[in-house]
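Each chain is listed here by its residues.
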Amino acid sequence: MFFGSPLRAHWGLPDPADATGSEAEVDAAFEETWRLLEMRVRAFLALDRAAMDQRALQAALADIGAMEGAA
């Protein structure tokens with residue numbers, strides 16, 4: 001349950017479970033997805049959320065979602 005107006009963001013990435021090829025290629029797809037997720041989480045945690053209004057925070061979340069690797 002969320003009170004108030006929670007923000008939502010979509011950080012689409014290719015699904016590594018769809019990767020085909022050798023075991024090394026499939027592993028590389030999972031590692032790349034992990035790298036991209038970690039990059040986004042770090043960007044989110046670096047935001048000065050206390051200094052941002054809801055509109056600025058929503059824009060920042062959209063920017064994070066458009067970072068490298070966006071699907």
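Relevant structure appears above.
Remember, it's a predicted structure, so these values are computed and weren't measured experimentally.

K.L.:
Honestly, the pattern of salt bridges in this entry has me stumped. Any pointers?
P.N.:
Side-chain pairing between opposite charges can occur once the charged atoms of the two side chains come close. Counting across every chain of the model gives three salt bridges. Two residues, Glu32 and Arg35, come together in a salt bridge whose shortest N-O distance is 2.8 Å. Linking Glu32 with Arg35, this pair stays in helix α1 (residues 23-46), spanning three residues, or about one helical turn. Of the charged contacts in the structure, one is a salt bridge between Arg35 and Glu68, with a shortest N-O distance of 2.6 Å. Of this pair, Arg35 sits in helix α1 while Glu68 sits in the segment after α2 (54-65), and the two are 33 residues apart along the sequence. Assessed through its relative accessible area of 34%, Arg35 is described here as partly exposed.

K.L.:
I keep staring at the environment of Asp27 and nothing clicks. Help me out?
P.N.:
By the element assignment, Asp27 lies in helix α1. Measuring from C-alpha to C-alpha, the distance between Asp27 and Phe44 comes to 26 Å, with 17 residues separating the pair along the chain.

Criteria and cut-off values
- Residues numbered from 1 in each chain as written.
- Predicted model: local features only at pLDDT ≥ 70, side-chain atom pairs only at ≥ 80, totals over all residues.
- Heavy atoms only, no water.
- Salt bridge = Lys/Arg side-chain N within 4 Å of Asp/Glu carboxyl O.
- Helix = DSSP H or I, 4+ residues; strand = E, 2+ residues; numbered from the N terminus.
- Buried < 20%, exposed > 50% of the residue type's maximum accessible area, 1.4 Å probe, protein only.

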